[in-house]
Amino acid sequence: MKHNLPHTISLLSRTPAALNAFLRDLPDTWTLPNEEESTWSVFDIVGHLIHGERTDWMPRARMILQFGETKAFEPFDRGGHVRDSQGKSLAQSLDEFAHVRSGNLDELRALNLRPEDLERRGRHPALGVVTLSELLATWAAHDLTHLHQISRVMAHQYREAVGPWSAYLGVLRCAGHSSP
């Protein structure tokens, strides 16, 4: 499927409500454990999503529009969510994510991007030249990656409790995106 900005915004606008419906008021036993050492918990993943909202997607979109390829993006701090999440509850983080995402999508819509804007190029510090369209498509795929990761981390908590049914539960065999 080719990148489609209205479809991207449609998906991005749903992630906060999906997380809220899935996670709010769950016992900590679902949201604080991880899969193993050096992996993220559900709480960490939500913190990572907030950190990305503040430091990645829209800041990089603005850089592409302002500087093009002449100035590389700041490297993303994959551990930045740890300090940002300290002292917060999951409920506070879900509220913060919804608020920051809403603001970012309002800003994105206000840009009134045209097809030629989406082809504008920027410079990623590791990947090299990227387009605004690729950045925005990645934002949506990034959400989907972490929604998948959340379900996998949560399913992991029942890996022994399901007994022999684990053979039928692909989520328990998935070794996808997990470690920081």
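For the structure, see preceding data.
Let me sum up the structure you'll find in this document. (Residues numbered from 1 in each chain as written. Predicted model: local features only at pLDDT ≥ 70, side-chain atom pairs only at ≥ 80, totals over all residues. Heavy atoms only, no water.)

1. Observations concerning the nonpolar core
Point 1. One finds L5, L108, L113, L132, L136 and W139 to be the most contacted residues of the largest nonpolar core, which totals 20 residues.
Point 2. Broken down by secondary-structure element, the contributors of at least two residues to this core are α1 (5-23), α4 (57-67), α6 (90-110) and α8 (132-156).
Point 3. If one sorts the elements of this core by residue count, α4 sits on top with 6 residues.
Point 4. Setting aside residues up to four positions removed in sequence, L132 forms contacts with A61, I64, L65, L113, D117, L118 and R120.
Point 5. Of all hydrophobic cores here, the second largest spans 15 residues; its members include W40, I45, L90 and L94. (Core = buried A, V, L, I, M, F, W, Y, C linked by side-chain atoms within 4.5 Å. Buried < 20%, exposed > 50% of the residue type's maximum accessible area, 1.4 Å probe, protein only. Helix = DSSP H or I, 4+ residues; strand = E, 2+ residues; numbered from the N terminus. Contact = heavy atoms within 4.5 Å.)

2. Observations regarding the pattern of salt bridges
Point 1. What the rule picks out here adds up to 14 salt bridges.
Point 2. Here D56 ties to R60 by a salt bridge, and the two come within 3.3 Å at their closest N and O atoms.
Point 3. For R83, the salt bridge is made with D77, and the minimal N-O distance between the two is 3.0 Å.
Point 4. Several salt bridges share partner residues, and in doing so they unite E53, R101 and D143 into one network. (Salt bridge = Lys/Arg side-chain N within 4 Å of Asp/Glu carboxyl O.)

3. Considering the packing of aromatic side chains
Pairs of aromatic rings are described using the distance from one ring centre to the other and the angle between the two planes.
Point 1. Per the stated rule, a full pass over the model turns up 2 aromatic pairs.
Point 2. The interplanar angle of 10 degrees and the centroid separation of 6.0 Å between the aromatic rings of W57 and W139 together place this pair among those described as stacked. Of this pair, W57 sits in helix α4 while W139 sits in helix α8; the two residues are 82 residues apart in sequence, bridging distant segments of the chain.
Point 3. Geometry around F67 places K71 over its ring, the cationic atom sitting 4.7 Å from the centre. (Phe/Tyr/Trp six-rings, centres within 6.5 Å; stacked < 30°, edge-to-face > 60°. Lys NZ or Arg CZ within 6 Å of the ring centre and 35° of its normal.)

4. Considering the pairing of strand β2 (residues 128-131)
Point 1. In this sheet, β2 lies alongside strand β1 (residues 121-124) in antiparallel orientation, the contact comprising 4 bridges. Looking at β2, one finds that H124 is bridged to G128.
Point 2. Taken together, β1 and the strand that follows it, β2, pair antiparallel across an intervening segment of 3 residues. (Pairing = 2+ DSSP bridges.)

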